[in-house]
Amino acid sequence: MEKLLVIGCAGQIGSELTIELRNLYGNENVIATDIKQAPDDIVESGPFEILDVLDEKKLGETVDRYKITQIYHLAAILSGNAEKNPVKSWEINMQSLLNVMELAKEKKLSKIFWPSSIAVFGPSTPRVDTPQYTVMEPNTVYGISKLAGERWLEYYFNKYGIDGRGLRYPGLISYKTEAGGGTTDYAVEIFYEAVKNSSYECFLDANTYLPMMFMEDAVKATIDIMEADAEKINIRSSYNVAGISFSPKEIAAEIKKLMPEFSISYKPDFRQAIADSWPQSIDDSHARKDWGLRNTYDLKRMTKVMLEEVSKKLKG
Ligand code: NAD
Ligand code: SER
């Protein structure tokens, strides 16, 4: 019987992935944790505990108490917020992963999931159809921590046989929980502002292309890589994954088709330089070939669902 620990369950991904994992493994077998209070549906549907992943002792006790066999480690400081406090962000992003990997070694855990990001790439990386293997010189603290994390994931696999699996998520778009301080957050905020005010001031330029993915596809990709047979996982750092690529101008045009009164203006801030250092689109053929990555949402379908769901949420 697998027993899962989700660290960072209250965030944009954790709030949706935890529920899906509970549907799959049973409510009592998925222990949700975060440094802050989780949404009601997580607290009410199964075990939830406040846990700081940097507290090694409590983390170990939690793993023992619940007889945990797998960890989904989602806690991190994202790109925009990390630039505001680089050293602290490095500590949280890096030390938390080392705590989890050491625990995996000590307690012989069966699998670890840890998300990387398109932020592992930098200004010297080819930006269109960015390959799995290419130049990687990230220039943000978040990107540096994700690239180092990928190296650690592969290191623990090669040296100790720890079955760690990682995805380089692109910008994730969802309506349940607001985005957590990243550069791609504009593509979530735009829907809230469209519904509230019929207008949005974007912190990126009109023609800034970035790779993105709708949350349903991201959760499916996460579960698919974790359920795949170990021999199918040929890449032990993290896999490129992507769904769609678009610019603020293109997503605004799609919103306007459903909401003609919507307008957008542009006021780029410090996140423009981060976006300009990241890929515009991603080659995820390794993930497709090795364990069957498949996306179902394009820009049109995603825009329709986001507008409907954000409207329902804001109108109660
Ligand atoms: P988020 O900021 O929404 O959620 C992170 C959660 O971790 C928060 O609930 C936060 O309270 C928790 N947390 C922070 N510090 C903690 C600590 N010390 N102990 C325990 N919990 C702590 O982030 P997210 O968007 O859900 O991202 C989850 C993971 O996916 C991160 O590793 C992130 O880098 C990665 N990722 C996300 C995206 C995206 O677009 N959302 C893209 C690429 C990669
Ligand atoms: N969405 C994330 C960010 O912008 C990418 O990892 O930080």
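Structural notes, computed from the coordinates. (Residues numbered from 1 in each chain as written. Chains lettered and ligands numbered in written order. Predicted model: local features only at pLDDT ≥ 70, side-chain atom pairs only at ≥ 80, totals over all residues. Heavy atoms only, no water.)

Bringing the site of ligand 1 into the picture now. What surrounds ligand 1 is a group of 26 residues, the closest being Gln-12, Ile-13, Asp-34, Tyr-142 and Leu-172. At 2.6 Å from an oxygen atom of ligand 1 is found a side-chain nitrogen or oxygen belonging to Asp-34. Lys-146 is positioned with one of its side-chain polar atoms (N or O) 2.9 Å from an oxygen atom of ligand 1. In the complex, the protein chains occlude 93% of the 830 Å² of accessible area that ligand 1 would expose alone. Among the elements of the structure, strand E6 (116-117), helix H6 (141-160) and strand E9 (171-173) are those that each provide at least two residues to the shell around ligand 1. In the shell around ligand 1, the residues fall into 14 nonpolar, eight polar and four charged. (Near = heavy atom within 4 Å. Polar contact = N/O pair within 3.5 Å; in protein donor to acceptor, adjacent residues only side chain to side chain. Areas by Shrake-Rupley, 256 points an atom, 1.4 Å probe, with all protein chains shown as cover. Helix = DSSP H or I, 4+ residues; strand = E, 2+ residues; numbered from the N terminus. Nonpolar A, V, L, I, M, F, W, Y, C, P; charged D, E, K, R; others polar.)

Let us now look at the packing of helix H3 (residues 56-65) against helix H5 (residues 86-107). Running from amino to carboxyl end, H3 crosses H5 at an angle of 40°, the nearest separation of the two axes being 11 Å. With respect to H5, the element H3 is oriented oblique. Crossing geometry of H3 relative to H5 is assigned as right-handed. Here H3 contributes Glu-56, Leu-59, Gly-60, Val-63 and Asp-64 to the contact with H5, which in turn contributes Asn-99, Val-100, Leu-103 and Lys-107. Across the contact of H3 with H5, the residue classes tally to four nonpolar, two polar and three charged. (Axes fitted to C-alpha atoms, helices over the stretch in contact; angles between N-to-C directions. Parallel < 35°, antiparallel > 145°, perpendicular 65-115°, else oblique. Left-handed = near helix turned anticlockwise from the far one by under 90°. Contact = heavy atoms within 4.5 Å.)

Across the sheet, three strands lie side by side as E9-E11-E13; this open sheet has mixed pairing. Each edge of the open sheet is held by one strand with a lone partner, namely E9 and strand E13 (244-246). Looking at each pair of strands side by side, their axes are set apart by 45° on average, direction ignored. Relative to E13, strand E11 (residues 210-214) runs antiparallel, the two sharing three bridges. Residue Leu-210 lies in a different strand from E13, and its bridge partner there is Phe-246. Here helix H12 (residues 299-314) sits on the sheet in contact with E9, E11 and E13, set at roughly 80° to E13. (Pairing = 2+ DSSP bridges.)

The next thing to look at is the sheet that holds strand E12 (residues 239-240). Pairing within the open sheet is parallel, and its three strands lie in the order E6-E8-E12. Pairing within the sheet leaves two strands with one partner each, and these edge strands are E6 and E12. Pairing between strand E8 (residues 167-169) and E12: two bridges, direction parallel. Residue pairing across strands places Leu-167 opposite Tyr-239, the latter belonging to E12. Strands in contact with helix H8 (residues 215-227) are E8 and E12; relative to E8, the strand with the most contacts, it is inclined by about 175°.

A contiguous nonpolar patch, built from Trp-152, Tyr-155 and Tyr-160 and spanning about 280 Å² of accessible area, is present on the exposed surface. Relative to the helices and strands, Trp-152 is located in helix H6. (Patch = residues over 30% accessible without salt bridge, like charges linked within 9 Å, V, L, I, M, F, W, Y side chains within 5 Å. Salt bridge = Lys/Arg side-chain N within 4 Å of Asp/Glu carboxyl O.)

Throughout the structure, instances matching the rule amount to ten aromatic pairs. Pairing Tyr-72 with Phe-113 gives two aromatic rings, centres 5.8 Å apart and planes at 40°, and the pair type is tilted. Of this pair, Tyr-72 sits in strand E4 (residues 70-73) while Phe-113 sits in strand E5 (residues 111-113); the two residues are 41 residues apart in sequence, bridging distant segments of the chain. Phe-113 carries the same exposure label as Tyr-72, and that label is buried. Each residue in the set Trp-152, Tyr-155, Tyr-156 and Tyr-160 is aromatic and connected to the rest through ring pairs, giving one cluster. One Lys or Arg, Lys-105, reaches over the ring of Tyr-160 and ends 4.3 Å from the middle of that ring. (Phe/Tyr/Trp six-rings, centres within 6.5 Å; stacked < 30°, edge-to-face > 60°. Buried < 20%, exposed > 50% of the residue type's maximum accessible area, 1.4 Å probe, protein only. Lys NZ or Arg CZ within 6 Å of the ring centre and 35° of its normal.)

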